[in-house]
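Structure assessment
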Amino acid sequence: MSQLRTFNAILWRDVFVTGRELPSFLAQVIIQPFFILFIFAKVLGDIGYVQGDFAQVLLPGIIAMNGFLGALQNTTLPLVLDFSWTREIEDRLLAPISIPLVAVEKIVFGAVRGFFAAVLMVPVGFVMLDVSWQWSGIPGALLVIVLGCLAGGSVGMVIGTSVPARRVNVMFAVILTPLLFTGSSQFPWRSLSDDLLWFKVICALNPLTYVSEGMRAELVPEVPHIPLPVVLLVLVVAIAGFGGLGLRGFMRRALD
(Lines give C-alpha, C1' and ligand atoms only; values in the text may rest on other atoms or scores of the structure.)
Protein backbone atom coordinates (compact mmCIF):
# COMPACT_ATOMS: atom_id res chain seq x y z
CA MET A 1 0.00 0.00 0.00
CA SER A 2 2.85 2.40 0.83
CA GLN A 3 4.43 1.71 -2.56
CA LEU A 4 1.11 2.45 -4.26
CA ARG A 5 0.88 5.79 -2.44
CA THR A 6 4.44 6.60 -3.47
CA PHE A 7 3.65 5.60 -7.08
CA ASN A 8 0.60 7.89 -7.11
CA ALA A 9 2.59 10.74 -5.55
CA ILE A 10 5.34 10.48 -8.18
CA LEU A 11 2.79 10.28 -10.99
CA TRP A 12 0.87 13.29 -9.63
CA ARG A 13 4.10 15.27 -9.36
CA ASP A 14 4.89 14.59 -13.03
CA VAL A 15 1.35 15.56 -14.07
CA PHE A 16 1.63 18.77 -12.04
CA VAL A 17 4.89 19.64 -13.81
CA THR A 18 3.09 19.14 -17.14
CA GLY A 19 0.56 21.76 -16.04
CA ARG A 20 3.38 24.22 -15.42
CA GLU A 21 4.80 23.47 -18.89
CA LEU A 22 1.42 23.63 -20.62
CA PRO A 23 2.31 26.06 -23.47
CA SER A 24 5.30 24.00 -24.62
CA PHE A 25 3.31 20.77 -24.23
CA LEU A 26 0.47 22.14 -26.37
CA ALA A 27 2.91 23.28 -29.03
CA GLN A 28 4.53 19.84 -29.07
CA VAL A 29 1.29 17.90 -29.52
CA ILE A 30 -0.87 20.18 -31.67
CA ILE A 31 1.27 21.87 -34.35
CA GLN A 32 2.28 18.82 -36.44
CA PRO A 33 -1.13 17.04 -36.46
CA PHE A 34 -2.91 20.37 -37.04
CA PHE A 35 -0.98 20.95 -40.26
CA ILE A 36 -1.42 17.33 -41.38
CA LEU A 37 -5.20 17.74 -41.02
CA PHE A 38 -5.17 21.18 -42.60
CA ILE A 39 -3.13 20.22 -45.67
CA PHE A 40 -4.31 16.66 -46.35
CA ALA A 41 -8.01 17.03 -45.49
CA LYS A 42 -8.87 20.74 -45.76
CA VAL A 43 -6.61 22.10 -48.51
CA LEU A 44 -6.41 19.00 -50.74
CA GLY A 45 -10.12 18.37 -50.18
CA ASP A 46 -11.12 21.89 -51.18
CA ILE A 47 -9.09 21.78 -54.42
CA GLY A 48 -10.37 18.30 -55.29
CA TYR A 49 -7.21 16.21 -54.95
CA VAL A 50 -8.79 13.93 -52.32
CA GLN A 51 -12.34 12.66 -51.98
CA GLY A 52 -14.74 14.60 -49.81
CA ASP A 53 -15.03 11.80 -47.22
CA PHE A 54 -11.26 11.58 -46.71
CA ALA A 55 -11.60 13.63 -43.52
CA GLN A 56 -13.71 10.80 -42.07
CA VAL A 57 -10.75 8.46 -42.60
CA LEU A 58 -8.01 10.88 -41.58
CA LEU A 59 -9.27 12.37 -38.30
CA PRO A 60 -9.50 9.10 -36.30
CA GLY A 61 -6.07 8.15 -37.60
CA ILE A 62 -4.53 11.47 -36.59
CA ILE A 63 -6.05 11.18 -33.12
CA ALA A 64 -4.54 7.69 -32.85
CA MET A 65 -1.19 8.94 -34.14
CA ASN A 66 -1.12 11.82 -31.68
CA GLY A 67 -1.88 9.53 -28.75
CA PHE A 68 0.56 6.77 -29.64
CA LEU A 69 3.48 8.95 -30.71
CA GLY A 70 2.79 11.47 -27.94
CA ALA A 71 3.10 8.67 -25.36
CA LEU A 72 6.20 7.31 -27.09
CA GLN A 73 8.00 10.66 -27.16
CA ASN A 74 7.00 11.62 -23.62
CA THR A 75 8.40 8.34 -22.34
CA THR A 76 11.52 8.23 -24.48
CA LEU A 77 12.88 11.77 -24.08
CA PRO A 78 12.67 11.99 -20.26
CA LEU A 79 14.35 8.57 -20.01
CA VAL A 80 17.18 9.55 -22.34
CA LEU A 81 17.77 12.67 -20.25
CA ASP A 82 17.45 10.81 -16.95
CA PHE A 83 20.04 8.24 -17.98
CA SER A 84 22.43 10.83 -19.45
CA TRP A 85 25.52 12.07 -17.65
CA THR A 86 23.40 13.98 -15.12
CA ARG A 87 21.95 10.65 -13.83
CA GLU A 88 18.74 12.36 -12.68
CA ILE A 89 17.09 8.95 -12.54
CA GLU A 90 18.93 8.30 -9.28
CA ASP A 91 16.54 10.63 -7.45
CA ARG A 92 13.64 8.37 -8.45
CA LEU A 93 15.54 5.21 -7.58
CA LEU A 94 16.07 6.50 -4.03
CA ALA A 95 12.31 6.81 -3.49
CA PRO A 96 10.61 4.15 -1.30
CA ILE A 97 9.35 2.23 -4.33
CA SER A 98 10.63 -0.80 -6.24
CA ILE A 99 12.67 -0.20 -9.37
CA PRO A 100 10.16 -1.89 -11.73
CA LEU A 101 7.42 0.42 -10.43
CA VAL A 102 9.60 3.43 -11.27
CA ALA A 103 9.69 2.15 -14.86
CA VAL A 104 5.94 1.50 -14.88
CA GLU A 105 5.32 5.06 -13.66
CA LYS A 106 7.37 6.38 -16.59
CA ILE A 107 5.21 4.39 -19.02
CA VAL A 108 1.95 5.47 -17.37
CA PHE A 109 2.99 9.12 -17.31
CA GLY A 110 3.92 9.00 -20.99
CA ALA A 111 0.55 7.37 -21.69
CA VAL A 112 -1.29 10.09 -19.74
CA ARG A 113 0.37 12.80 -21.82
CA GLY A 114 -0.35 10.84 -24.98
CA PHE A 115 -4.02 10.51 -24.02
CA PHE A 116 -4.36 14.26 -23.52
CA ALA A 117 -2.59 14.83 -26.85
CA ALA A 118 -5.16 12.56 -28.55
CA VAL A 119 -8.17 14.19 -26.86
CA LEU A 120 -6.95 17.68 -27.80
CA MET A 121 -7.22 16.80 -31.49
CA VAL A 122 -10.96 16.05 -31.27
CA PRO A 123 -12.18 19.67 -31.00
CA VAL A 124 -9.47 20.82 -33.43
CA GLY A 125 -10.65 18.30 -36.02
CA PHE A 126 -14.34 19.08 -35.59
CA VAL A 127 -13.77 22.83 -35.90
CA MET A 128 -11.61 22.42 -39.01
CA LEU A 129 -13.37 19.58 -40.85
CA ASP A 130 -16.88 18.46 -41.72
CA VAL A 131 -17.00 15.02 -40.08
CA SER A 132 -19.58 12.88 -38.35
CA TRP A 133 -18.99 10.02 -35.94
CA GLN A 134 -20.96 7.10 -34.59
CA TRP A 135 -21.19 8.43 -31.04
CA SER A 136 -22.17 5.04 -29.62
CA GLY A 137 -18.60 3.99 -30.40
CA ILE A 138 -17.02 6.55 -28.05
CA PRO A 139 -16.53 4.11 -25.12
CA GLY A 140 -14.80 1.62 -27.42
CA ALA A 141 -12.69 4.39 -28.96
CA LEU A 142 -11.59 5.50 -25.49
CA LEU A 143 -10.53 1.94 -24.68
CA VAL A 144 -8.56 1.75 -27.93
CA ILE A 145 -6.79 5.06 -27.35
CA VAL A 146 -5.93 4.18 -23.73
CA LEU A 147 -4.42 0.87 -24.83
CA GLY A 148 -2.71 2.64 -27.74
CA CYS A 149 -1.12 5.19 -25.43
CA LEU A 150 0.09 2.45 -23.08
CA ALA A 151 1.54 0.62 -26.10
CA GLY A 152 3.25 3.84 -27.22
CA GLY A 153 4.66 4.35 -23.73
CA SER A 154 5.93 0.75 -23.69
CA VAL A 155 7.67 1.22 -27.05
CA GLY A 156 9.10 4.49 -25.70
CA MET A 157 10.50 2.62 -22.70
CA VAL A 158 12.35 0.22 -25.01
CA ILE A 159 13.77 3.06 -27.08
CA GLY A 160 14.57 5.29 -24.10
CA THR A 161 16.60 2.57 -22.38
CA SER A 162 18.40 1.55 -25.59
CA VAL A 163 19.43 4.85 -27.18
CA PRO A 164 22.25 6.98 -25.68
CA ALA A 165 21.66 10.71 -25.34
CA ARG A 166 24.10 11.57 -28.14
CA ARG A 167 22.04 9.46 -30.60
CA VAL A 168 18.58 10.80 -29.77
CA ASN A 169 18.36 13.04 -32.87
CA VAL A 170 19.29 10.16 -35.15
CA MET A 171 16.77 7.97 -33.33
CA PHE A 172 13.86 10.25 -34.17
CA ALA A 173 14.83 10.29 -37.84
CA VAL A 174 15.40 6.53 -38.09
CA ILE A 175 12.56 5.28 -35.86
CA LEU A 176 9.89 7.96 -35.44
CA THR A 177 9.42 8.85 -39.12
CA PRO A 178 8.86 5.22 -40.26
CA LEU A 179 6.44 4.69 -37.36
CA LEU A 180 4.54 7.82 -38.42
CA PHE A 181 4.09 6.78 -42.05
CA THR A 182 3.52 3.03 -41.59
CA GLY A 183 0.89 3.38 -38.85
CA SER A 184 -2.13 3.58 -41.21
CA SER A 185 -3.11 6.93 -39.71
CA GLN A 186 -3.53 8.48 -43.19
CA PHE A 187 -5.20 5.49 -44.88
CA PRO A 188 -7.22 2.37 -43.98
CA TRP A 189 -4.97 -0.68 -43.75
CA ARG A 190 -7.63 -2.95 -45.28
CA SER A 191 -7.70 -0.76 -48.41
CA LEU A 192 -4.08 -1.47 -49.34
CA SER A 193 -4.00 -3.57 -52.52
CA ASP A 194 -2.02 -6.74 -53.19
CA ASP A 195 0.34 -4.68 -55.34
CA LEU A 196 1.50 -3.10 -52.07
CA LEU A 197 1.62 -6.36 -50.11
CA TRP A 198 5.15 -5.68 -48.85
CA PHE A 199 4.03 -2.31 -47.47
CA LYS A 200 0.88 -3.87 -46.01
CA VAL A 201 3.02 -6.37 -44.10
CA ILE A 202 5.26 -3.60 -42.76
CA CYS A 203 2.23 -1.62 -41.60
CA ALA A 204 0.85 -4.72 -39.88
CA LEU A 205 4.02 -4.88 -37.76
CA ASN A 206 3.48 -1.32 -36.47
CA PRO A 207 1.35 -1.14 -33.28
CA LEU A 208 0.10 2.30 -34.37
CA THR A 209 -1.76 0.61 -37.25
CA TYR A 210 -4.03 -1.16 -34.76
CA VAL A 211 -4.74 2.04 -32.84
CA SER A 212 -5.72 3.80 -36.08
CA GLU A 213 -7.84 0.86 -37.24
CA GLY A 214 -9.51 0.51 -33.85
CA MET A 215 -10.48 4.17 -33.82
CA ARG A 216 -12.03 3.84 -37.29
CA ALA A 217 -13.81 0.63 -36.30
CA GLU A 218 -15.59 2.44 -33.47
CA LEU A 219 -16.10 5.95 -34.88
CA VAL A 220 -16.54 5.40 -38.65
CA PRO A 221 -17.40 1.69 -39.00
CA GLU A 222 -18.39 2.11 -42.65
CA VAL A 223 -14.68 2.54 -43.49
CA PRO A 224 -12.87 -0.81 -44.09
CA HIS A 225 -11.03 -1.71 -40.88
CA ILE A 226 -9.39 -4.49 -38.88
CA PRO A 227 -11.95 -6.14 -36.54
CA LEU A 228 -11.93 -4.64 -33.04
CA PRO A 229 -11.18 -7.92 -31.18
CA VAL A 230 -8.01 -8.32 -33.26
CA VAL A 231 -7.06 -4.70 -32.52
CA LEU A 232 -7.50 -5.15 -28.76
CA LEU A 233 -5.58 -8.45 -28.72
CA VAL A 234 -2.62 -7.01 -30.64
CA LEU A 235 -2.46 -3.91 -28.43
CA VAL A 236 -2.49 -5.99 -25.24
CA VAL A 237 0.27 -8.21 -26.65
CA ALA A 238 2.26 -5.09 -27.66
CA ILE A 239 1.92 -3.62 -24.16
CA ALA A 240 3.06 -6.88 -22.56
CA GLY A 241 5.86 -7.53 -25.05
CA PHE A 242 7.37 -4.06 -25.33
CA GLY A 243 6.65 -3.37 -21.64
CA GLY A 244 8.59 -6.48 -20.64
CA LEU A 245 11.53 -5.55 -22.88
CA GLY A 246 11.44 -1.99 -21.59
CA LEU A 247 11.46 -3.11 -17.95
CA ARG A 248 14.48 -5.33 -18.61
CA GLY A 249 16.28 -2.44 -20.26
CA PHE A 250 15.35 -0.10 -17.43
CA MET A 251 16.63 -2.53 -14.79
CA ARG A 252 19.89 -2.95 -16.70
CA ARG A 253 20.44 0.80 -17.02
CA ALA A 254 19.32 1.55 -13.46
CA LEU A 255 21.64 -1.00 -11.89
CA ASP A 256 24.58 -0.23 -14.19
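Since we're looking at a predicted model, the values are computed, not measured.

The rules behind each value
- Residues numbered from 1 in each chain as written.
- Predicted model: local features only at pLDDT ≥ 70, side-chain atom pairs only at ≥ 80, totals over all residues.
- Heavy atoms only, no water.
- pLDDT = per-residue confidence, 0-100.
- Helix = DSSP H or I, 4+ residues; strand = E, 2+ residues; numbered from the N terminus.
- Bend = angle between axes of the 7 residues up to and from the residue.
- Buried < 20%, exposed > 50% of the residue type's maximum accessible area, 1.4 Å probe, protein only.
- Contact = heavy atoms within 4.5 Å.
- Core = buried A, V, L, I, M, F, W, Y, C linked by side-chain atoms within 4.5 Å.
- 1 Å grid on protein atoms, 1.4 Å probe; cavity = no way out; pocket = protein on both sides within 12 Å on 5 of 7 lines; lining within 4 Å.
- Points joined across faces, edges and corners; volume = space filled by probe spheres on them.
- Nonpolar A, V, L, I, M, F, W, Y, C, P; charged D, E, K, R; others polar.

1. With respect to the confidence of the model for the protein
Across the protein, pLDDT averages 88, with 96% of residues at or above 70. Looking across the protein, the model is least confident in helix H4 (residues 89–93), with a mean pLDDT of 69, and most confident in helix H9 (residues 207–219), with 96.

2. Observations regarding helix H2 (residues 22–46)
The largest bend in H2 comes to about 30°, at Ile 30, with the proline Pro 33 one to four residues further on. For H2, the complete set of buried residues consists of Phe 25, Val 29, Pro 33, Ile 36, Leu 37 and Ala 41. Residues of H2 that are buried sit in contact with helix H1 (2–20), helix H3 (54–82) and helix H5 (99–128). One or two positions beyond H2, positive phi appears at Gly 48, with a value near 85°.

3. Quick look at the side chain of Asn 66
Residue position: Asn 66 is located in helix H3. Owing to a relative accessible area of 7%, Asn 66 belongs among the buried residues under this scheme. Once residues lying within four places of it in the same chain are set aside, the contact partners of Asn 66 are Val 29, Pro 33, Gly 114, Ala 117, Ala 118 and Met 121.

4. Considerations on the nonpolar core
Ranked by internal contacts, the top residues of the largest apolar core, which has 56 residues, are Leu 37, Ile 63, Phe 68, Val 211, Met 215 and Leu 235. Taken together, the elements giving at least two residues each to this core come down to H2, H3, H5, helix H6 (138–160), helix H7 (168–181), helix H8 (197–204), H9 and helix H10 (228–254). Looking at this core, the element that brings in the most residues is H3, giving 14 residues. Those residues within four positions of Leu 235 in sequence are excluded, and the remaining contacts are Val 144, Leu 147, Gly 148, Ala 151, Pro 207, Tyr 210 and Val 211. In terms of nonpolar packing, the next biggest core, distinct from the first, is built from 14 residues, Phe 7, Ile 10, Ile 89 and Ile 97 among them.

5. Observations concerning the environment of Val 236
Tracing the backbone shows Val 236 in helix H10. Here the alpha-carbon distance between Val 236 and Ala 111, two residues 125 residues apart in the chain, equals 14 Å.

6. A word on the layout of surface pockets
In this structure, the largest pocket encloses a volume near 570 Å³. For the largest pocket, the lining is made up of 20 residues, of which Arg 13, Asp 14, Pro 78, Asp 82 and Lys 106 are closest to its centre. Residue assignment for the lining of the largest pocket shows that the elements contributing at least two residues are H1, H2, H3, H4 and H5. The element that contributes the greatest number of residues to the lining of the largest pocket is H3, accounting for six residues. Residues of the lining of the largest pocket, tallied by class, amount to six nonpolar, five polar and nine charged. Here the second largest pocket defines a volume of roughly 210 Å³. Those elements giving two or more residues to the lining of the second largest pocket turn out to be H2, H3 and H7.

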